[in-house]
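# Summary of structural features
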Amino acid sequence: MLHSQLIRRLDLLTLQLFVAVHEEGTLTRAASREAIAVSAASKRLMELEGALGIALFSRTAKGMALTAAGETLLHHARRMLAEVDKVGIEVGEHLQGLRGYVRMLANLSAIIEFLPEDLHRFVSTHDQVKVDLEERPSNGVVDGIIDGVADLGICSMDSDTQGLCSVPYRTDRLAVVMRGDHPLAHHTQVAFADTLAYDHIGLHEASSINQRAHAAARALGTPLRVRIHVPGFDAVCRMVQANMGIGVLPLRAYELFGQGLGLTVVALSDPWAHRTLMLIARERNGLSPVSRLLFDHLQSPQPL
């Protein structure tokens, strides 16, 4: 019986009113914000509390404050209203002539190395699709997919994907970028252990490359001498150019940012320097048609 009452009472206007009462502090201000008569707002709120069988607000001289039950409903109400906003955005895209809207999260390596060309090929044949891409460290990508922030994600294979649907996306190789006058610059490849005698330019601490480098240094029993942490591959190369140290980054990132600065790159010989990036989603069959289309495009072999 309670379930059927909730179905009738938890309409969007009532939820918006409930949130407004909490945010405004009084029923009068909330009713004004939602453009509804105070009497009608009061009736909706009483019916909602009646359906739930519990008070959602405590009435005081200073206004209305949430009860413990109200705090619980507030959490769910905001999530439900946020989901409705997403529906509105995606349906609005259709009304504007766009066939779909895909939210993506990806780590820095994927965004710099592969996604520009891969997404260009996709939108070239599906020009009515809009992609919203956000950069996050690999663990943040996984958390975002679990939390429903995005439909698709790309992260390092090192990440704990916590049971998400995951398939290989691309592979890359890490290398050491340095100035041409560095003692290691004449090598064709180098073991990571040989770099530990020199200062390193590190990526931000949450990056999978930074975590791999620190893990490898710990395994070798030698601390990694990080002189400075920077947010991106371009900043690594600029710091190297300024003789601040050497840096570990993907070969492709060196080609894009380091080569033009006159820097030298030496491939790492360690097995962990060969990486696989993973394409993840909650479940493929649960994706919207346009998200599934992009998922299939990204997991298929792509020209280099």
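Described below are features of the structure shown in this document. Note that the structure is predicted; figures quoted are calculated from it, not measured. (Residues numbered from 1 in each chain as written. Predicted model: local features only at pLDDT ≥ 70, side-chain atom pairs only at ≥ 80, totals over all residues. Heavy atoms only, no water.)

### Notes on the pattern of salt bridges
Filter applied, for reference: Here, a salt bridge means any side-chain nitrogen of Lys or Arg that lies within 4 Å of a carboxyl oxygen of Asp or Glu. Under the scheme used here, helices are H or I runs from DSSP no shorter than 4 residues and strands are E runs no shorter than 2 residues, and both carry numbers assigned from the N terminus. In this scheme, a residue with accessible area under 20% of its type's maximum is buried, one over 50% is exposed, and one in between is partly exposed, where area comes from a 1.4 Å probe on protein chains only.
Scanning the model with the defined rule gives 20 salt bridges in all. The salt bridge partner of Arg103 is Asp151, with a shortest N-O separation of 3.1 Å. Placement of Arg103 in strand 3 (residues 100-106) and of Asp151 in the loop between helix 8 (138-146) and strand 5 (152-156) is noted, with a sequence separation of 48 residues between them. For the pair shown, Arg103 and Asp151 are each scored as buried. Asp172 serves as the salt-bridge partner of Arg275, at 2.7 Å between the closest nitrogen and oxygen. With Arg275 in strand 12 (residues 274-281) and Asp172 in strand 6 (residues 165-178), this residue pair connects regions lying 103 residues apart in the sequence. Here Arg275 and Asp172 have matching classes, each one buried. Each of Glu23, Glu24, Arg29, Arg33, Glu34 and Arg78 takes part in salt bridges that share partners, so that together they form one network.

### A short note on the packing of helix 2 (residues 12-24) against helix 4 (residues 38-52)
Here is the rule: Only the contacting stretch of a helix is used when fitting its axis, a line to C-alpha atoms as for every element, and angles between N-to-C directions run 0 to 180 degrees. Roughly parallel covers angles under 35 degrees, roughly antiparallel covers those over 145, roughly perpendicular covers 65 to 115, and oblique covers all other angles. Contacts are residue-level and defined by heavy atoms, with any inter-residue pair within 4.5 Å sufficient. All residues other than Ala, Val, Leu, Ile, Met, Phe, Trp, Tyr, Cys, Pro, Asp, Glu, Lys and Arg, Gly among them, are scored as polar; the first ten of these are nonpolar and the last four charged.
One can describe the packing of helix 2 onto helix 4 by two numbers: an axis separation of 10 Å at closest approach and a directional angle of 100°. With respect to each other, helix 2 and helix 4 are oriented roughly perpendicular. Packed against helix 2, whose contacting residues are Leu13, Thr14, Leu17 and Phe18, the element helix 4 presents Ala41, Arg44 and Leu48 at the interface. Grouping the amino acids of the contact of helix 2 with helix 4 by side-chain chemistry returns 5 nonpolar, 1 polar and 1 charged.

### Things to note about the packing of aromatic side chains
Selection rule: Centres within 6.5 Å make a pair out of two Phe, Tyr or Trp rings, where for Trp the six-membered ring is used; the pair is then stacked when the planes are under 30 degrees apart, edge-to-face when over 60, and tilted otherwise. The rule is short: NZ of Lys or CZ of Arg within 6 Å of the ring centre and within 35 degrees of the ring normal puts a charge over the ring.
Taken as a whole and judged by the stated rule, the model has 3 aromatic pairs. An angle of 55° between the planes, with centres 5.5 Å apart, marks the rings of Phe18 and Phe57 as tilted. Here Phe57 lies in strand 1 (residues 57-60) and Phe18 lies in helix 2, a separation of 39 residues in the sequence. By relative accessible area, which is 0% here, Phe18 ends up buried. Relative accessible area serves as the criterion here: at 3%, Phe57 is assigned to the buried category. The ring of Tyr169 carries the charged tip of Arg170 above its face, separated from the ring centre by 5.9 Å.

### Description of the pairing of strand 5
As a reminder of what qualifies: Strand pairing is assigned whenever DSSP identifies at least 2 bridges connecting the two strands.
Burial analysis of strand 5 places 5 of its 5 residues in the buried class, which makes it a mostly covered element. Of the strand pairs in this sheet, strand 3 and strand 5 are connected by 3 bridges, and their pairing is parallel. Within strand 5, the position partnered with Met104 by the bridge is Leu152. By the bridge criterion, 4 bridges tie strand 5 to strand 12 in an arrangement that is antiparallel. The residue bridging Cys155 from the neighbouring strand is Met278, located in strand 12.

### Digging into helix 2
Selection rule: One less than the residue count of a helix, multiplied by 1.5 Å, gives the span that helix is expected to have.
The terminal C-alpha atoms of helix 2, which comprises 13 residues, lie 18 Å apart, in line with the 18 Å expected from a rise of 1.5 Å per residue. Along helix 2, the residues that are buried comprise Thr14, Leu15, Leu17, Phe18, Val19, Ala20 and Val21. Phi for Gly25, located one or two positions after helix 2, is positive at around 90°.

### Things to note about the side chain of Thr26
Using the following cut-off: Think of a polar contact as two N or O atoms within 3.5 Å of one another; within protein, one of them needs to be a possible hydrogen donor and the other a possible acceptor, and neighboring residues in sequence only count if both atoms come from side chains.
In this fold, Thr26 is placed in the loop between helix 2 and helix 3 (27-33). Of the polar contacts made by the side chain of Thr26, one reaches the backbone nitrogen of Arg29; its length is 3.1 Å. Here Thr26 is in contact with Val21, Gly63 and Met64, once residues within four sequence places are set aside.

Coordinates in, geometry out; function isn't part of it.
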